[in-house]
Structure formats: structure tokens, C-alpha cells
Amino acid sequence: MHDVVSAAPVSDTLPVETGAPLHEPARTYLLVHDGGASRVFFLPAAAEVTVGRSPAATLRSEDPSVSRLHAKVRVANGQAYISDLGSHNGTRVNGERFEGERLLQPSDIVSVGNLTLVYQERAAPKGRPAHLEAAQWRARLAGELERSRRYGRSFVIAAVELGPALGDPVEVVAAQLRSLDAFCLEGGNLLVLLSELNFEDASVPLERLLRALSLVAPTARAGFASSPADGVDAGALISRARSAARALAGGELSHVADGAVLHVGGREIVAAAPAMVQLYTVIQRLARSDIPVLIHGETGSGKENAAYALHHWSPRREQKLLTVNCAALPEQLIESELFGYERGAFSGADRARAGLFEAANGGTLFLDEVGELSAQAQAKLLRAVESKRISRLGSSEEREIDVRLVAATNRSLESEIKTGRFRQDLFFRLSAATVAIPPLRQRPQDLLLLARRFLEQACAALGRPVPAVAPATLRLLTEHAWPGNVRELKNAMDYLAATVTEPVLEPESLPRSILPEAAAAPLSATPAPPEAAPLGDLYEEIRQLERRRIAEALEAAGGVQVKAAELIGMPLRTFAGKVRLYGLLRK
């Protein structure tokens with residue numbers, strides 16, 4: 001385990017060297033620990049520094065664990081990047097081996113064999129982040145999105161809700177950000193663009209920014225989103241970052257995956273997984289037109305929510321959205337339900353009644369489980385879709401209809417067409433656009449958020465406190481296949497709220513259908529107590545336990561440090577430091 005090195009100013013007593021003549025104080029430098037000696041190596045403003053035993057190396061070491069040309073440090077735009085040069089022993093940052101080039105952060109510990117380099121930065125004497133007008137900032141964001149799409153580069157945007165301000169935040173923000181960053185004030189609040197960062201790297205500089213802002217905006221709070229991981233639409237990224245910020249208390253910071261709830265009309269739809277963010281971005285675009293949409297998805301995956309969003313975000317939102325479950329309609333009632341009937345059309349028809357097509361006129365008709373319709377019903381539906389006219393049972397009068405059609409199925413209609421069970425012409429009419437909802441097992445970020453929300457709702461209904469969820473329990477939830485998707489998850493949380501009285505939900509509390517087979521099987525005999533472990537170094541045992549629990553929390557939270565820290569009750573700053581210390585950063 002590495003010693004912790006502080007970020008204090010460089011001591012005048014340390015030997016100093018540099019890779020090039022310095023005309024001004026260097027922006028970046030390395031604290032070099034080589035055997036028993038320490039020295040400072042100032043990095044040139046824009047150059048490449050090689051590390052190794054070779055006389056050609058810029059930063060030399062005689063340690064035999066260091067290769068002749070072991071690693072390279074590249075400095076550009078006030079930042080330093082490390083890469084390995086195919087060394088025998090490899091190069092590590094904070095105990096973690098890496099591939100390609102890695103951006104160094106202040107206090108990063110670089111291991112080059114037995115040589116230790118600690119990267120540090122001075123405050124930049126010049127070069128400020130861009131303080132832009134809102135329109136300019138959005139134009140810059142559009143440029144970052146285009147660069148991200150073309151080259152796969154990531155960036156982060158943060159929305160800071162300032163609250164009551166005691167002074168001007170501009171100078172505070174400018175002092176905390178890098179020269180390649182940009183910010184603007186919009187509506188009294190702050191939007192920040194952090195280039196070349198992903199969400200894992202962004203929490204530290206944003207926490208630092210919030211601490212600095214607390215002097216002039218004591219209740220400032222921030223939500224942040226990264227691209228492409230959290231989406232590739234500018235409006236959606238900004239909206240989600242703002243929503244995450246507004247859900248927090250003063251002084252708090254949250255990644256959007258910890259509060260990714262879309263407020264669609266009177267519904268709240270969880271969309272934390274990148275696939276779901278992209279899905280609802282597409283749905284929002286499709287909603288503006290009247291083309292029919294076919295929604296594919298497993299039972300319980302959220303097809304009805306998608307249909308609701310298509311209607312609510314459309315120009316038809318003020319009109320009705322009517323839903324019909326095609327699988328639940330008896331064959332003899334389908335025509336009367338869809339198209340209506342006149343008085344006397346059949347026995348018991350004592351009055352005229354409009355069908356769903358007429359009732360939804362001007363609005364949206366959602367045909368759920370459309371793949372269950374019989375061949376006869378498909379033919380009648382096709383005629384109505386093609387002609388945009390219907391006739392009630394018992395009448396020859398044709399009525400014009402203006403309805404936007406949305407259909408959903410859990411079947412592969414292409415396969416149904418090949419077997420002759422579904423009409424190809426109807427399929428083409430219904431699927432001018434198609435969207436596919438991923439199953440819950442492929443959306444771990446959604447799963448954990450939904451589990452917590454369902455548990456909170458069930459406990460509130462029962463008037464009992466919400467128990468904590470052990471990391472091992474969360475891991476089992478993420479490993480379960482969830483064939484019933486969101487419905488199955490809700491049932492499981494309702495069961496736990498009703499049956500568990502302990503303050504922590506342990507794995508054995510879960511329904512048997514979720515437990516692994518070995519854990520769910522009844523024990524044939526009481527197992528013998530395990531042998532006592534041999535005594536050892538108590539500190540090392542505690543360290544290993546802490547590392548294991550942090551790793552479990554990270555796995556259960558899908559790598560989101562903010563959420564993982566909450567799961568084990570550890571302050572985020574402490575948690576992030578220990579993740580780096582134990583080499584648990586994801587590659």
C-alpha cells in the first residue's frame with residue numbers, strides 16, 4: 001500500500017530538476033521517490049518526458065526494476081498524460097495497470113517499477129476557463145457532442161442550482177475550472193462543461209467547485225451527466241443534470257444515474273441506463289409526428305410507459321389516450337370494441353355505442369399485445385388503418401377517424417409473418433417506426449433505482465421505516481434474470497416490505513425465486529461450524545474487509561461511486577479516495 005502524499009507546496013529543500021529551461025513557474029511537476037531519495041521534477045509546458053534507465057531518458061533512474069525506456073509523460077494544455085512504453089514490469093497509476101494513455105490528476109501515484117512519481121499541479125498563472133453567454137455555451141456543447149460522436153471522446157456537463165447568492169460566483173468558478181472548460185450563467189444558475197472527462201473522473205473537481213461556491217452560494221447543489229454514457233442529446237443531458245440537482249439538498253452532488261427520473265405528465269419513468277436515456281430521446285422525437293409506432297419489449301418491461309410518453313409529448317396530448325389489451329378481448333367482441341355498434345346490431349345492443357377508434361378521435365389509440373389478434377381481427381384492423389374510416393356494427397355508414405396508432409408486442413412479428421400468424425401488410429402499416437425496450441436484466445442502473453423506489457413506496461404504504469439493502473443483496477438482484485421484468489421486481493419489493501422486520505435486507509430475505517439454487521435449496525443437515533481462521537495482522541484483515549465491501553458496493557451500484565458510497569454509508573470524498581488507494585477504478 002502506497003504512503004499518502006499531500007498536495008502541499010514543494011519544499012525548498014528538495015532537489016529540483018526540469019526537462020527544459022523554465023521561463024516561468026511550471027504548471028505541473030512530479031515528486032520523484034527513488035530508493036531513499038526524493039526530488040522534484042518540473043514538467044515542461046508542452047513536451048514529452050521519457051522515464052527509464054537509458055541515458056536517453058529525460059527522467060533517469062538506476063533502479064533495476066525500471067526498463068531502459070519504461071514510460072512517457074506527455075504534457076499538453078496544462079495537463080499531463082502517462083503511457084507505458086512496453087516495459088517489462090508495467091506502469092501503474094494508483095495501483096492500477098492501464099492501457100493506452102491516461103490523464104493524470106493531482107496527487108495520482110505513478111509506479112514505474114520501484115520508482116514512485118507523485119503528480120502535482122500548481123495553480124495556473126494564466127489561462128482561464130471560458131465564461132460564455134448561454135447561447136455560446138450551448139454552441140460549444142454542440143461542438144463537444146459532435147466530437148464525441150465522431151471520436152468517442154467523453155465529456156461532462158454539470159448543472160449547479162446556486163440558490164440565494166451572497167456574492168458574484170463568476171470569479172469563484174473561474175478559479176476552480178481548467179482552461180479547456182467552459183461555463184455560463186443561465187436563469188441565475190450555472191452550467192459547466194468539462195471536456196475530456198468521464199463521470200467517474202468528474203466527481204472530484206465538481207466537489208471542489210461546490211466547496212468553493214459555498215462561500216458565495218451556501219445552498220448550491222449540482223447534478224452532472226456525461227456523454228456518450230448518459231446520452232448524446234444536448235437538451236436531454238441538460239434536463240437530466242438539472243433534475244438531478246433539484247432533487248438534492250444544499251451542498252450535495254449527484255450523477256444523473258442516481259436520480260434519473262423522467263416526469264412525463266402525471267407519471268415518473270426511471271431512465272438511468274444509457275439505453276433507456278437514448279430510447280426516450282428517440283421517443284420524444286417520434287412523438288412530434290403522427291406516424292404509427294410499434295413498440296417491442298418483453299412482458300413487464302415498460303411498453304405502456306413508452307406509449308404514454310409518445311402521446312404526452314405529442315401535439316395530441318390534450319386529447320384522449322385509450323388503451324386496449326388485444327390479448328384480453330374475446331374474438332366475438334373485438335369488432336364491437338374497436339368500431340362500436342348501432343342499436344339492435346345484435347342481441348342485447350339496446351343502444352348505440354361508439355368504439356375505441358371513435359372515442360380516441362383526435363388522440364392516440366394504444367393497441368397492446370397486437371400480436372395476439374386473430375386473422376379475422378387483423379383484416380378488419382388493416383382496413384381501418386388503410387382507409388382511416390370505420391363502420392359501426394349494424395350500420396353501413398362510414399365514419400372518418402383521426403387517430404394516431406401506437407402498437408406493442410412481446411412477440412417477434414417478423415417470425416409470426418413467416419409462419420402465417422400475422423399479416424405482413426398490417427405489420428408494415430403499424431411499424432412506420434419501431435422502438436425496442438431492453439429487458440430489465442440489461443439495465444442495471446434502472447434496476448437498482450427501481451428497487452429502491454418500489455421498496456420505499458411499499459414501506460410507506462405499510463407505515464414502516466425503509467430498511468437498508470446489504471451490498472450482497474444488491475448483487476443478487478443484479479444477477480437475477482428478471483423474466484417478469486419491472487412487474488416481477490415490484491412484486492419482490494412488496495414481498496420484502498411485508499415480511500422483513502430487520503433493519504437490513506440480507507440475501508436470505510429475498511424470495512426463493514431470486515436466490516441462487518444452492519442458497520434456495522433446503523439444508524439436509526446443519527453444517528459444522530467453520531474452523532477459526534489463524535490469527536494474523538488485525539490491520540491487514542480490516543483493510544481487506546474494507547476493500548472487499550467497497551468493491552461489492554461498486555459492483556452493486558454499476559460502478560457509480562456516488563451510489564456505492566451511499567450503500568455503505570461512507571462520505572463520497574472518503575470513498576473516492578479509497579477507491580483510488582485500493583486500485584478499484586474501472587478500466
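Note: the structure precedes this text.
This is a predicted model, so every value here is computed, not measured.

The helix and strand tally for the protein stands at 18 helices and 31 strands. Per-residue burial for the protein yields a buried fraction of 48% across its 587 residues. When contacts within the protein are restricted to residue pairs at least 6 apart in sequence, long-range pairs at least 24 apart make up 65% of them.

This paragraph deals with the sheet that holds strand β22 (residues 321-325). Spatially, β22-β25-β28-β21-β29 is the arrangement adopted by the five strands of the open sheet, whose pairing is parallel. Since the sheet does not close on itself, it has two edges, and those belong to β22 and β29 (433-436), each with one partner. The sheet shows a mean angle of 20 degrees between the axes of neighbouring strands, direction not considered. Bridge count for strand β21 (residues 293-296) against strand β28 (residues 404-409) is four bridges, and the pairing is parallel. The partner of isoleucine 295 across the bridge, within β28, is alanine 408. Strands in contact with helix α5 (residues 274-286) are β21, β28 and β29; relative to β29, the strand with the most contacts, it is inclined by about 155 degrees.

The subject of this paragraph is the sheet that holds strand β18 (residues 253-255). Overall, mixed pairing links the six strands, which are arranged β13-β15-β16-β14-β17-β18 in an open sheet. Edge positions in the sheet fall to β13 (130-131) and β18, since each has one partner strand and no second. The strands that helix α4 (residues 234-246) touches are β14 (155-161), β15 (182-186), β16 (189-195), β17 (221-227) and β18; relative to β17, the one it contacts most, it runs at about 150 degrees.

For soluble globular proteins, the rule of thumb is that nonpolar side chains tend to be buried together. In terms of nonpolar packing, the biggest core is built from 31 residues, with Leu338, Phe357, Leu365, Leu367, Val370, Leu381 and Leu405 touching the most fellow members. Element by element, the count of residues in this core is highest for helix α9 (residues 375-387), at five residues. Ignoring sequence-local partners within four residues, the contact set of valine 370 consists of Leu294, Cys326, Leu381, Ala407, Ala408, Thr409, Leu413, Phe422 and Leu430. Membership of the second largest hydrophobic core comes to 30 residues, among which are Ala272, Leu448, Ala451 and Val500.

The first and last C-alpha atoms of α4 sit 18 Å apart over 13 residues, in line with the 18 Å expected at 1.5 Å per residue. Turning to α4, its buried residues number three or more, namely Ala236, Leu237, Ile238, Arg240, Ala241, Arg242, Ala244 and Ala245.

Let us look at the side chain of aspartate 108. Within the fold, aspartate 108 resides in the loop between β10 (101-103) and β11 (109-112). Overall, the relative accessible area of 1% leaves aspartate 108 in the buried class. Among the polar contacts made by the side chain of aspartate 108, one reaches the main-chain amide nitrogen of glutamine 105 at a distance of 2.8 Å.

Time to look at the packing of aromatic side chains. If you walk through the whole model with that rule in mind, you get four aromatic pairs. Measuring from centroid to centroid gives 5.8 Å for tyrosine 29 and phenylalanine 42, while their planes differ by 65 degrees, and the two rings are edge-to-face. With a gap of 13 residues between them, tyrosine 29 in strand β2 (residues 28-34) and phenylalanine 42 in strand β3 (residues 37-43) connect regions that are remote in the sequence. With respect to burial, tyrosine 29 and phenylalanine 42 carry one shared label: buried. The side chain of arginine 74 reaches across the aromatic face of tyrosine 81, ending 4.6 Å from its centre. Looking at arginine 267, its charged tip hangs above the ring of tyrosine 308, at a distance of 4.2 Å from the centre.

Before going further, it helps to spend a moment on the environment of glutamate 335. If you trace the backbone, glutamate 335 turns up in helix α7 (residues 331-339). The exposure class assigned to glutamate 335 is partly exposed, which follows from its relative accessible area of 22%. Separated by 21 residues in sequence, glutamate 335 and leucine 356 place their C-alpha atoms 10.0 Å apart. Among all residues touching glutamate 335, those that are not within four sequence positions of it are Gly340, Lys380 and Leu393.

This brings us to α5. The first and last C-alpha atoms of α5 sit 18 Å apart over 13 residues, in line with the 18 Å expected at 1.5 Å per residue. Residues of α5 that are buried include every one of Met276, Val277, Leu279, Tyr280, Thr281, Ile283 and Leu286, and no others.

Here the focus is the pattern of salt bridges. This structure, assessed with the given rule, holds 32 salt bridges. Between arginine 39 and aspartate 34 there is a salt bridge, with its nearest N and O atoms 4.0 Å apart. Of the two residues examined, arginine 39 and aspartate 34, each falls in the buried class. Notably, a salt bridge pairs glutamate 397 with arginine 399, separated by 3.8 Å at the nearest N-O pair. Assessed through its relative accessible area of 21%, arginine 399 is described here as partly exposed. Counted as one network, the salt bridges with shared partners bring together Glu342, Glu358, Arg392, Glu397 and Arg399.

Bringing the environment of glutamate 96 into the picture now. Considering the arrangement of structural elements, one finds glutamate 96 in strand β9 (residues 96-97). Residue glutamate 96 is classed as buried on the basis of its relative accessible area of 7%. In this structure the C-alpha to C-alpha distance between glutamate 96 and leucine 584, which are 488 residues apart in sequence, comes to 7.6 Å. Within polar-contact distance, the side chain of glutamate 96 engages the side chain of arginine 102 at 2.5 Å.

Between two packed helices, both the angle of their axes relative to each other and the distance between the axes serve to describe the pair. Interhelical geometry of α7 versus α9 gives an angle of 15 degrees and a closest axis separation of 10 Å. In terms of their interaxial angle, α7 and α9 are classed as roughly parallel. Taken as a pair, α7 and α9 cross one another with a handedness that is right-handed. Residues Glu331, Ile334, Glu335 and Phe339 of α7 touch α9, and the partners they reach there are Gln376, Ala377, Lys380, Leu381 and Ala384. When the residues that make up the contact of α7 with α9 are grouped by side-chain class, the tally is five nonpolar, one polar and three charged.

What counts and how
- Residues numbered from 1 in each chain as written.
- Predicted model: local features only at pLDDT ≥ 70, side-chain atom pairs only at ≥ 80, totals over all residues.
- Heavy atoms only, no water.
- Helix = DSSP H or I, 4+ residues; strand = E, 2+ residues; numbered from the N terminus.
- Buried < 20%, exposed > 50% of the residue type's maximum accessible area, 1.4 Å probe, protein only.
- Contact = heavy atoms within 4.5 Å.
- Pairing = 2+ DSSP bridges.
- Axes fitted to C-alpha atoms, helices over the stretch in contact; angles between N-to-C directions.
- Core = buried A, V, L, I, M, F, W, Y, C linked by side-chain atoms within 4.5 Å.
- Expected span 1.5 Å × (residues − 1).
- Polar contact = N/O pair within 3.5 Å; in protein donor to acceptor, adjacent residues only side chain to side chain.
- Phe/Tyr/Trp six-rings, centres within 6.5 Å; stacked < 30°, edge-to-face > 60°.
- Lys NZ or Arg CZ within 6 Å of the ring centre and 35° of its normal.
- Salt bridge = Lys/Arg side-chain N within 4 Å of Asp/Glu carboxyl O.
- Parallel < 35°, antiparallel > 145°, perpendicular 65-115°, else oblique.
- Left-handed = near helix turned anticlockwise from the far one by under 90°.
- Nonpolar A, V, L, I, M, F, W, Y, C, P; charged D, E, K, R; others polar.

Taken by themselves, the reported measurements are silent on function.
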